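Breakdown of the fold
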Amino acid sequence: MIELQAKEYQAFQAAHARDEGWAASRGLGSGGQGVVSVWIKLDPHGRIRERIAVKDTYLVDKDEWEEVYPLVQFTKWQAHVIEAGALTAFHELNAQPRKEFVQSPRGLVNNPIIDIRDYREYPDDDFFRMALEYCPFGDLEELCNTYFEEGRVVPEPFIWCLFAHLADAALLMEQGDLRNPVAGWRTIVHRDMKPANVFLGEGSSCEYSLFPVPKLGDFGLTYVISPAREAYNNGGGTEASMAPESLQNSYVEMTTKTNVYGIGVILLNLMTLDDSIGMIYLDLREPPPVGDNLPYSDTLKNLVRRCVTWGPARRIDVQTLREEIQQATSGPGEHTNGYRYPSQAVANGYAGSGAALLIRGDKYAMTLALPPETPLPTPGNLEGEESDEDDMSKLMKMEE
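Notes on the structure follow. (Residues numbered from 1 in each chain as written. Predicted model: local features only at pLDDT ≥ 70, side-chain atom pairs only at ≥ 80, totals over all residues. Heavy atoms only, no water.)

**With respect to the packing of aromatic side chains**
Here is the rule we go by: By convention, a stacked pair of Phe, Tyr or Trp rings (six-membered ring in the case of Trp) has centres within 6.5 Å and planes under 30 degrees apart, an edge-to-face pair has planes over 60 apart, and any other such pair is tilted. Segments assigned H or I by DSSP are reported as helices when at least four residues long, segments assigned E as strands when at least two residues long, and all are numbered from the N terminus. Burial classification: accessible surface area is computed with a 1.4 Å probe over protein chains only, and a residue below 20% of its type maximum counts as buried, one above 50% as exposed, and the rest as partly exposed. Sitting over a ring, as applied to charges here, requires NZ of Lys or CZ of Arg to be within 6 Å of the ring centre and within 35 degrees of the ring normal.
Within this structure, the stated rule accounts for 14 aromatic pairs. An angle of 45° between the planes, with centres 5.5 Å apart, marks the rings of Phe90 and Trp185 as tilted. Here the residue Phe90 occupies a position in helix H2 (residues 82-93), and Trp185 occupies one in the loop between helix H4 (156-175) and strand E8 (188-189), the gap between them amounting to 95 residues. On the basis of relative accessibility, which here comes to 9%, the residue Phe90 falls in the buried class. Between Tyr122 and Phe127 the ring centres are 4.7 Å apart and the planes differ by 10°, which places this aromatic pair in the stacked class. With a relative accessible area of 0%, Phe127 lands in the buried category. An aromatic cluster of three or more residues is present, and its members are Phe74, Phe90, Trp185 and Phe219. Seen from the ring of Trp22, Lys41 lies directly overhead, with NZ or CZ sitting 4.7 Å from the centre.

Printed below as a string of C-alpha cells:
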C-alpha cells in the first residue's frame, strides 16, 4: 500500500499520466480497493480528443496477487489478477475492430461489459492498473439517486434496455460469446452485481440508440467455476445483491443462474428506487417482492419475479431470459414504446418525453475545453466534494 494523502495521490496520478503522454488526470471516484481517474489528451487547440478511465487497485495482502484468472489461453498466456484477467478474456474474445460492439445472432450489438484497453502491475507499490473505456454518464446508483430525489419513476423503455444488456452480459459470462459457447471457457459468477457496478457508456448501435449503454464492470470479486471443485461461495460479495446460494454455508452451488438473480435485484432496485430491498429479504430468507402496484407492465414485473426466484433450480436460465426479453420488445404490443429501434419521430420527441433519462452531462466530452480541476473524490462522496478522510489508507479500506 502506498500511504499518500488525497492531494499527493492526485499529483502521483497526474505525474504518471504525463509520463504516458496524457495532458491531464482528473479524479472520478473510489470504492472497494480502487481509485478511478479519467486521463485526457488534448488537440493543438486545447480541445479534448481522447479520454480513458484509469483504475488503480491496491492489494495490501500479498496473497491477493496469487488470485489470478485461471484461463490464460484467453489472456495471451500471461497471468493476470482476477479482475483484469476476466476483462482481458472478454476483450480478446471480442474480435471486432471497434470494441464497443460484440457479435450476436442478430448482428453487431453494444458491448454490455466494460472494455479493458491496457493492464500493468506495480507489485513493489502494491497496486495494479487497468485502462478502461470511459463511461461519461455515471452509473445506475447515481441514476437511482437522481430519480429518488426528483420523485420520479425510471422509465420502462430504459428498464428494458438495461434488462437486455445485462442478459447479454450474463450470457458472455456463461459461455464467452453471444452466439455459441467458446471451447475451454468456464462460467464466471460476478458476485457483485449492483447498481454502482453498472456504468452508462456512449451508444453505438441502432438498438436503444437514444439511451446510454449499460455496461457491467468491477469484476474484482469474480469467481470462475471449475469442474474440479464445488462452487460454494466463501462469503465474498455485496450482501444487498447476493443470491441465496451465495450465502456462506448455503450448501447450494453457484451457477450462471446466480448472475440472473443479480440482474433481477438490479432491475428491482431501479423499479423501487430502494437499494436495500435485496438485503432485507435475504435476511428474511425469502425472495424480494415485485409488487403489483409498481408502475410497470405485468410482463416486465413477471419476468423480474422469475429472475429473483429463491431456488436456482426454479429460476429462469440466461438463454430463456434473453429470448423472452426479445419477445417482449419486438413486434405488435412491444413494451418499449418504440425505443428499442426508434423511428425519426420517436427520436425527435425524446428530449421532451417521459422516457428521457435524467443523467449527468458529459463533462469531458470530445472537442470540449478541459474543465477546471476539482478535488479528488474520497469514499462516499461524488466528484468534487470535500471529505475529512484524506488519508490514503482510509481511502482504500472500503471493503464491502
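Structure shown, so let's carry the discussion forward.
**As for the pairing of strand E10 (residues 213-216)**
Counted only if it meets this: For two strands to be treated as a pair, DSSP must find at least two bridges joining them.
Along E10, one buried face is formed by Val213 and Lys215 and the opposite face, lined by Pro214 and Leu216, is buried too. Pairing between strand E9 (residues 198-201) and E10: 4 bridges, direction antiparallel. In the sheet register, Val198 faces E10, and the bridge partner there is Leu216.

**Focus on the environment of Asp275**
The residue Asp275 is located in the loop between helix H5 (256-272) and helix H6 (277-283) in this model. Put simply, Asp275 and Asn145 are 130 residues apart on the chain and 9.7 Å apart in space, counted from C-alpha to C-alpha.

**Structural notes on the pairing of strand E3 (residues 48-58)**
For E3, the tally of buried residues reaches 9 of 11 residues, placing the bulk of the element in the interior. As defined by bridge partners, strand E2 (residues 34-42) adjoins E3 across 9 bridges and the pair is classed as antiparallel. Directly across from Leu42, in E3, lies its bridge partner Ile48. Once E2 ends, the chain turns through 5 residues before running back antiparallel as E3, passing Gly46 with a positive phi of about 80°.

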